[in-house]
Amino acid sequence: MNKPVAPEEFDYGPLYAAQKKVYPQKVSGRYRNVKWALMAVCLGIYYLLPFVRWNRGPGAPDQAVLVDLPNSRFYFFFIELWPQEVYFFTGLLILAALTLFLMNAIGGRVWCGYLCPQTVWTDLFFAVERLIEGDRRERMKKEAEGLTLQRVVELTMKHSIWLLIAWWTGGAWVLYFNDAPTLVRELVTFQAPALAYIWIAILTATTYTLAGWMREQVCLYMCPWPRIQAALTDEWALNVTYKTDRGEQRTSLKKAAELRALGQPAGDCIDCYQCVNVCPVGIDIRNGLQMDCIQCGLCIDACDGVMSKIGRPTRLIGYDTDINIARRKAGKSEIYRIIRPRTVAYVGMIVAVGAVMLYALLNRSLLDINVLHDRNPVAVRLSDGSIRNAYTVRLLNKRGAGRVVTLDVNGPVNATVHVVGMDAVSSGWPEIVLGRDQTTELRVLVTAPAAINSEKSLPLVMRVTDAVHGDMASATDHFVAP
């Protein structure tokens, strides 16, 4: 009998494997075209969106998408969000997570293969490398020959373009935090804030390092999603799969033809390794589903090209499930279950969260009020016996124009309101002028007779109303006795 191995004696292998140089080969086909199209769309949006204009009226920024940190605003076309509305960002994060879960339940790591920024920029860097140094065999040959004058020139050109792309990536990011044309002019004339140059340098370095040097190492070691999605997926999720029922046993093209001529079975895979050569992470998809695989579909295009050339059906590698492989081996028909409890639940949650956010957005008030009761002292008894409470009131006018609002109080009987800074105590409710798109802080004194307000604490509702636009907001506090 074999002696059992103690856990402490078991060799789990290294936690980190040294990077092996990957030389992805050029490939054409449906999935490659999809990746080119998505790359163009994603990069186009990222680089050009800061320059899109949106008219919000006089005095408002006209950049369509802007994170205005000095004024604590986020602008997205017709939407303007304040810090008090951070719950919208929370909702967006929840929607993004649920969408990612849904994508994984339907098509595996679709996000990783087509839309992840690491994939998009690495793909762009690969394209530059291939354009300057040549395709896979040329690059491998040049690497083996060592440094020559031509090699030095090519490497200089490649890394210069990489740095230029990385620099513009960092530059585009900071444009989302300031007026883009103005900041570009300031950057060119070296009049921009030092913080802008610092962030451009940081993002340039990270883009150049991650997309140019680390590449697949980011997906394998730095990104948590491969491990998370492995826990979220199920047996019905479509993944890029080598169909062993068709491919095995592997043999050469000539041998396969001989076997078929004799009426014997032969696998369609001819061991050409094209699926490995085009893989951006350098794995062999024929070894089964692997954490390294980003499921970009390039191996499908490579294999389809080979199958077409040798006269065999395409999609030896394709989006499939192990269930279907087993069913085909048993002579049964394929089953695809895109609609199942998991995907229905994800879609339902996405619709519910989206509906709540849309309702909140459509019904959001452009007027808000916050009330803070004084703590020292909480109340004062005046010489005539009446009680006075003081409050700090912040009024938020989210409308892009000035307005006049009325401040009234409900709670203490026969209460009067005095806004410090106004000429006198108003017999009615005070009217306050609010500037456009700004917060106004007021000192408000509420006074009420003690005889008819004998309770130690009374609920108080402070309400602000704009009769012209129909906006109203309120906040609750307490009116207390000394």
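This structure is a prediction, so every number in the text was calculated from the model and none was measured. (Residues numbered from 1 in each chain as written. Predicted model: local features only at pLDDT ≥ 70, side-chain atom pairs only at ≥ 80, totals over all residues. Heavy atoms only, no water.)

Moving on, we get to the packing of helix α4 (residues 117–133) against helix α5 (residues 136–145). The axes of two packed helices give the description: the angle between them and the distance between them. Closest axis-to-axis distance for the α4/α5 pair is 9 Å, and the angle between their directions is 70 degrees. Judged by the angle between their axes, α4 and α5 are roughly perpendicular. The segment α4 lies against α5, with Glu129, Arg130, Ile132 and Glu133 engaging Glu138, Arg139 and Lys142. Considered class by class, the residues forming the contact of α4 with α5 number 1 nonpolar, no polar and 6 charged. (Axes fitted to C-alpha atoms, helices over the stretch in contact; angles between N-to-C directions. Helix = DSSP H or I, 4+ residues; strand = E, 2+ residues; numbered from the N terminus. Parallel < 35°, antiparallel > 145°, perpendicular 65-115°, else oblique. Contact = heavy atoms within 4.5 Å. Nonpolar A, V, L, I, M, F, W, Y, C, P; charged D, E, K, R; others polar.)

Next up on the list: helix α8 (residues 194–214). In a regular helix each residue adds 1.5 Å, so 21 residues correspond to 30 Å; α8 covers 29 Å between its end C-alpha atoms and thus fits that length. Looking only at α8, the buried set comprises Ala196, Ile200, Leu203, Thr204, Thr207, Tyr208, Ala211 and Gly212. Across the axial projection of α8, the buried residues extend over an arc of 130 degrees, all falling on one side. Exposed positions of α8 whose direction lies more than 90 degrees from the buried face are Ala194 and Leu195. Buried-residue contacts for α8 involve α4, α6 (149–175) and α7 (180–188). (Expected span 1.5 Å × (residues − 1). Buried < 20%, exposed > 50% of the residue type's maximum accessible area, 1.4 Å probe, protein only. Arc of directions from axis to C-beta.)

It is worth spelling out the state of the cysteines at this point. Here a disulfide denotes one covalent bond, and it connects the sulfur atoms of two cysteines. Taken as a whole, this structure holds 0 disulfides when the rule is applied. Just so you know, Cys279 is unpaired, no disulfide at all, and the nearest cysteine sulfur is the one on Cys296, 6.1 Å from it. We classify Cys279 as buried; its relative accessible area is 10%. (Disulfide = S-S within 2.5 Å.)

Sheet architecture is open: 3 strands sit in the order β1-β2-β3, paired in antiparallel fashion. In the strand order of this sheet, the two ends are held by β1 (65–68) and β3 (79–81), each with one partner. Sheet twist, expressed as the average angle between the axes of neighbouring strands with direction ignored, equals 10 degrees. Two elements, β1 and strand β2 (residues 73–76), share 4 bridges in a ladder whose sense is antiparallel. Paired with Leu66 across the two strands is Tyr75, which belongs to β2. (Pairing = 2+ DSSP bridges.)

Honestly, it's all geometry; don't read function into it.
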